[in-house]
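One-letter residues, chain by chain:
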Amino acid sequence: MPNYIGRFAPTPSGFLHFGSLLAALASFLDARAAGGHWLLRMEDLDPPREVTGSAAAILHTLDAYGLHWDGPVLYQSQRHDAYQAICAQLQAQGLAYACTCSRKDLSAYHGRYPGLCRDADKPLEDAALRVRVSAQTLHFNDRIQGLCHGDPSDEGDFIIQRRDRLFAYHLAVVLDDAYQGITHVVRGADLLDSTCKHLFLQRLLKLPQPEYLHIPLILQPDGHKLGKSYRSAALPPDQVVPLLLRALRALGQSTPAALADASRDELLQWAIAHWRVTEIPASGQLYEANLH
Ligand code: GLU
Ligand code: ZN
């Protein structure tokens with residue numbers, strides 16, 4: 001087993017855009033520079049929010065950009081039995097419980113679940129499953145953000161399985177990072193606030209804690225996050241080298257001008273050999289005005 005296993009874990013709710021290219025490229029380079037494996041996981045947990053064809057399009061784009069992954073793609077839609085087993089175990093241990101509260105019941109609590117069903121011992125029928133979380137401060141050392149801390153109970157006891165039986169991202173990501181033996185997580189800073197929930201679940205389930213590196217977010221010139229919820233441009237297949245170069249610069253890597261004439265694979269080889277995590281801007285948002 002290599003001592004570095006990284007991953008890229010896209011959600012097929014849209015196409016790859018410049019922000020997701022940054023996350024993919026950073027995790028790819030970090031893994032390759034360490035001589036590690038780079039795995040791909042399709043986070044297709046939520047069929048209603050899935051955009052038809054986007055999972056295949058994401059794989060196709062990664063391939064076109066030269067970001068070749070190791071081994072078969074893991075699809076979260078194939079992992080329901082594993083998620084279900086953990087949900088059943090946590091419920092049997094009294095560490096998770098059924099909640100029948102509606103959105104309306106909770107509207108007065110501003111995103112923090114107040115524990116209304118905590119001791120009600122409701123059956124799981126037509127109910128969500130929440131994990132019990134007491135108030136606490138957890139710390140981790142992000143490789144570029146430095147020492148981070150947070151309270152996994154900031155939203156109260158959080159949902160691990162929804163009322164419609166779909167599994168929550170927080171549960172699946174923790175179980176799959178462990179299942180795939182991930183040692184290093186490199187992802188966007190939009191997930192920084194979720195990390196303490198992940199640490200909490202890792203401890204509860206006695207799973208190893210990977211190293212974390214959260215890259216800064218790209219904002220549109222109008223201040224909107226470049227992401228799935230916003231109309232961001234899909235990556236053009238005919239501008240691979242210019243966009244990889246732009247992504248490297250956004251990641252703080254000082255690319256010599258001559259690289260503009262390099263081939264895709266020469267560029268990636270250069271980037272692996274010269275990868276410097278310490279150059280990645282830690283905070284502040286990168287403004288990326290015009291992709292084309
Ligand atoms: N699937 C998540 C996303 O696309 C990323 C999950 C992760 O990297 O932990 O935003
Ligand atoms: Zn409830």
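The coordinates are above.
Basis of the calculations
Numbers given to residues run from 1 along each chain, matching the order in which its sequence is written. A letter from A marks each chain and a number from 1 marks each ligand, given out in the order of writing. Side-chain atom pairs in this predicted model are given and counted only at pLDDT of 80 or more, local residue features only at pLDDT of at least 70, and totals for whole chains, interfaces and linings cover all residues. Hydrogen atoms and water are omitted, and side-chain values are computed over all heavy atoms in the structure. Here the coordinating atoms are restricted to nitrogen, oxygen and sulfur within 2.8 Å of the metal centre, or 3.2 Å for Na, K and Ca, and because water is not among them the sites may look incomplete. Sites are called tetrahedral only when four donors show all angles between 85 and 135 degrees, square planar or octahedral only when four or six donors show opposite pairs over 155 degrees and all other angles between 65 and 115, and irregular in any remaining case. Classification of residues uses two cut-offs on accessible area relative to the type maximum, computed with a 1.4 Å probe and protein chains only: under 20% is buried, over 50% is exposed, and between them is partly exposed. Between any two strands, at least two bridges found by DSSP are needed for them to pair. A run of DSSP states H or I qualifies as a helix once it reaches four residues; a run of E qualifies as a strand once it reaches two. Both are numbered from the N-terminal end. Should any heavy atoms of two residues lie within 4.5 Å, those residues are considered in contact. Angles shown run from 0 to 180 degrees and are taken between the N-to-C directions of axes, each axis being a line fitted to C-alpha atoms and, for helices, limited to the stretch in contact. Oblique is the label for any angle not under 35 degrees, not over 145, and not in the 65 to 115 range, which are roughly parallel, roughly antiparallel and roughly perpendicular in turn. The handedness criterion is simple: a crossing whose near helix is rotated anticlockwise from the far helix by less than a right angle is left-handed, and one whose near helix is rotated clockwise is right-handed. Only Asp, Glu, Lys and Arg are considered charged in this grouping, and only Ala, Val, Leu, Ile, Met, Phe, Trp, Tyr, Cys and Pro are considered nonpolar; every other residue, Gly among them, is considered polar. For this description, a residue counts as near a given molecule or strand if any of its non-hydrogen atoms is within 4 Å of it. For the purposes of these results, a polar contact is taken to be a pair of N or O atoms within 3.5 Å, where, inside protein, one atom must be able to donate a hydrogen and its partner to accept one; residues adjacent in sequence count only when each atom of the pair is a side-chain atom. Note on areas: Shrake-Rupley with a 1.4 Å probe; residue coverage comes only from the protein chains shown. Only four residue types enter the charge count: Lys and Arg as positive, Asp and Glu as negative, with His and the chain ends excluded. Any carboxyl oxygen of Asp or Glu within 4 Å of a side-chain nitrogen of Lys or Arg constitutes a salt bridge here.

## A look at the coordination of the zinc ion (ligand 2)
Then, number 1: Around the zinc ion (ligand 2), the protein contributes the donor atoms C99 (SG), C101 (SG), Y113 (OH) and C117 (SG), which lie 2.1 to 2.3 Å from the metal centre.
Then, number 2: Geometry at the zinc ion (ligand 2) is tetrahedral, judged from its four donor atoms and the angles of 98 to 119 degrees they form at the metal.
Then, number 3: In primary sequence terms, the donor set of the zinc ion (ligand 2) follows C-x1-C-x11-Y-x3-C.
Then, number 4: For C117, a relative accessible area of 1% corresponds to the buried category.

## Quick word on the sheet that holds strand β3 (residues 74–75)
Then, number 1: Pairing within the open sheet is parallel, and its three strands lie in the order β1-β2-β3. Pairing within the sheet leaves two strands with one partner each, and these edge strands are β1 (5–8) and β3.
Then, number 2: Pairing geometry for strand β2 (residues 37–42) and β3, over two bridges, is parallel. Within β3, the residue paired with R41 across the bridge is L74.
Then, number 3: On the sheet, helix α1 (residues 18–33) packs against β1 and β2 and is oriented at approximately 150 degrees with respect to β2.
Then, number 4: Here helix α2 (residues 54–64) sits on the sheet in contact with β1, β2 and β3, set at roughly 160 degrees to β2.

## Overview of the packing of α1 against helix α8 (residues 264–273)
Then, number 1: Relative orientation of the contacting elements α1 and α8 amounts to 65 degrees, with a least axis distance of 8 Å. Taken together, the axes of α1 and α8 are roughly perpendicular relative to one another. Like other packed secondary-structure pairs, α1 and α8 cross with a definite hand, here right-handed. Seen from α1, the contacting residues are L25, F28, L29, R32 and A33; seen from α8, they are L268, A271 and I272.
Then, number 2: Its residues assigned to classes, the contact of α1 with α8 shows seven nonpolar, no polar and one charged.

## With respect to the site of ligand 1
Then, number 1: Around ligand 1, the surrounding shell holds nine residues, and the nearest of these are R7, A9, T11, E43 and R187.
Then, number 2: Interatomic distance of 2.5 Å between a side-chain N/O atom of E43 and a nitrogen atom of ligand 1.
Then, number 3: Coverage of ligand 1 by the protein amounts to 86% of the 300 Å² it exposes when considered alone.
Then, number 4: The class makeup of the residues in the shell around ligand 1 is four nonpolar, one polar and four charged.

## Focus on the side chain of D46
Then, number 1: Within the element layout of this structure, D46 appears in the loop between β2 and α2.
Then, number 2: According to the relative accessible area criterion, D46 is buried, its value standing at 16%.
Then, number 3: In this view, D46 contacts R162 and L166; residues no more than four positions away in its chain are not counted.

## Some words on the pairing of strand β7 (residues 146–150)
Then, number 1: As paired strands, strand β6 (residues 138–142) and β7 are joined by five bridges and run antiparallel to one another. Residue D142 lies in a different strand from β7, and its bridge partner there is G146.
Then, number 2: Connecting β6 to the antiparallel partner β7 that follows it, the hairpin turn spans three residues.

## Notes on the side chain of D142
Then, number 1: Among the secondary structure elements, D142 is positioned in strand β6.
Then, number 2: The buried charged residue D142 lacks any salt bridge partner; its closest oppositely charged side chain belongs to R187, at an N-O distance of 7.3 Å.
Then, number 3: At 2.9 Å, the side chain of D142 forms a polar contact with the backbone nitrogen of I144.
Then, number 4: With near-sequence residues (within four places) excluded, D142 lies in contact with C148, L192, Y212, L213 and H214.

## Section: the packing of helix α3 (residues 80–92) against helix α5 (residues 169–179)
Then, number 1: Direction vectors running N to C along α3 and α5 enclose 110 degrees, while the axes themselves pass 10 Å from each other. Relative to α5, α3 is oriented roughly perpendicular. Residues A82, Y83, I86 and C87 of α3 form the contact with α5, whose participating residues are L171, A172, L175 and D176.

## Structural notes on the pattern of salt bridges
Then, number 1: Taken as a whole, this structure holds 15 salt bridges when the rule is applied.
Then, number 2: Between R32 and D70 there is a salt bridge whose closest N-O contact spans 2.9 Å. Of this pair, R32 sits in helix α1 while D70 is found in the loop between α2 and β3, placing the two residues 38 residues apart along the sequence.
Then, number 3: With a relative accessible area of 22%, R32 lands in the partly exposed category.
Then, number 4: With relative accessibility at 24%, the residue D70 sits in the partly exposed group.
Then, number 5: In this structure, D154 engages K197 in a salt bridge whose closest nitrogen and oxygen atoms are separated by 2.9 Å. Here K197 lies in helix α6 (residues 195–204) and D154 lies in the loop between β7 and β8 (159–161), a separation of 43 residues in the sequence.
Then, number 6: Exposure remark for D154: the relative accessible area of 39% places this residue in the partly exposed category.
Then, number 7: On the basis of relative accessibility, which here comes to 3%, the residue K197 falls in the buried class.
Then, number 8: Overlapping salt bridges bring together R7, R41, E43 and D177 as one network.

Interpretation note: all reported values are geometric properties and have no functional meaning in isolation.
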